[in-house]
Amino acid sequence: MKRSPSDIQLEKLLRSSKLAAGGFMGDDPRTPEEVIREDAACLERLGKTAAQIAERMRMLTEKASAALGNPVQLEDKFEVRCEEWKGGLICPWPHPGRFPKRLTVCRRLDTGRQIVWSDLNIHLIEAHGFFEGKGASYRLEPEDLVRVLFE
Ligand SMILES: [Zn+2]
């Protein structure tokens with residue numbers, strides 16, 4: 001399949017360190033389209049959609065954010081806590097608006113598994129089905145997300 005100039009432009013941006021330290025692609029040799037396609041196939045095998053995952057992440061972030069940095073326990077399953085930073089992050093696609101530079105740390109009480117995400121991660125998953133490239137600092141594995149958020 002021929003790649004459009006906008007696909008190529010986007011890849012350049014995703015690989016640059018300007019928007020995110022180290023870029024969004026890490027050392028992943030695949031194109032962003034391939035990363036998105038393969039993660040989508042993985043989600044399909046796991047029986048979840050990117051929208052379901054993003055919705056669950058957003059709910060946990062909102063509950064944790066209301067606790068102003070204190071850890072909160074939810075559903076007898078999660079301990080969630082938000083770390084807020086000054087400033088914002090922008091979507092590389094690009095989209096208007098900024099996402100708060102906030103991290104959500106979500107730990108399962110039963111397994112001890114922990115996942116950390118930013119508000120931008122939630123947007124990238126929801127709007128673009130993009131979990132970032134392998135080796136990127138904020139790459140989220142769809143399998144880990146499903147295991148922590150839904151099992
Ligand atoms: Zn976007």
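What counts and how
Residues numbered from 1 in each chain as written. Predicted model: local features only at pLDDT ≥ 70, side-chain atom pairs only at ≥ 80, totals over all residues. Heavy atoms only, no water. Salt bridge = Lys/Arg side-chain N within 4 Å of Asp/Glu carboxyl O. Buried < 20%, exposed > 50% of the residue type's maximum accessible area, 1.4 Å probe, protein only. Helix = DSSP H or I, 4+ residues; strand = E, 2+ residues; numbered from the N terminus. Expected span 1.5 Å × (residues − 1). Arc of directions from axis to C-beta. Donors = N, O, S within 2.8 Å, 3.2 Å for Na, K, Ca; no water. Tetrahedral: all angles 85-135°; square planar, octahedral: opposite > 155°, others 65-115°. Pairing = 2+ DSSP bridges.

1. Quick notes on the pattern of salt bridges
Across all of its chains, the model carries 15 salt bridges by this definition. Between Arg30 and Glu38 there is a salt bridge, and its shortest N-O distance comes to 2.6 Å. Residue classification places Arg30 among the buried positions, given a relative accessible area of 15%. With relative accessibility at 42%, the residue Glu38 sits in the partly exposed group. Where salt bridges share partners, they join Arg3, Glu11, Arg15 and Glu33 into one cluster.

2. Comments concerning helix H2 (residues 32-46)
Between its first and last C-alpha atoms H2 spans 21 Å; for 15 residues at 1.5 Å apiece the expected length is 21 Å, and the two agree. For H2, every residue scored as buried is listed here: Pro32, Val35, Asp39, Cys42 and Leu43. Within H2, the buried residues cover an arc of 100 degrees as seen down the axis, which keeps them to one side. Away from the buried face of H2 by more than 90 degrees, exposed residues Glu44 and Arg45 are located. Backbone geometry just downstream of H2 places Gly47 in the positive-phi region, at approximately 75 degrees.

3. Notes on the coordination of the zinc ion
Looking at the metal site, the zinc ion is ligated by Cys91 (SG), His95 (ND1), His123 (NE2) and His128 (NE2), spaced 1.9 to 2.2 Å from it. Because the angles between the 4 donor atoms bound to the zinc ion fall within 102 to 125 degrees, the donor set is best described as tetrahedral. When the donors of the zinc ion are listed by position in the chain, the intervening gaps give C-x3-H-x27-H-x4-H. Among the residues examined, His95 registers a relative accessible area of 33% and is labelled partly exposed.

4. What to know about the pairing of strand S3 (residues 98-108)
Inspection of the sheet shows strand S2 (residues 78-90) paired to S3 by 10 bridges, in the antiparallel sense. Pairing of Glu79 across the sheet is with Arg107, part of S3. Where S3 folds back on strand S4 (residues 114-118), the antiparallel hairpin that results is connected by 5 residues, among which Gly112 adopts a positive phi of roughly 75 degrees.

So, to be careful, I would describe these as geometric facts and stop short of saying anything about function.
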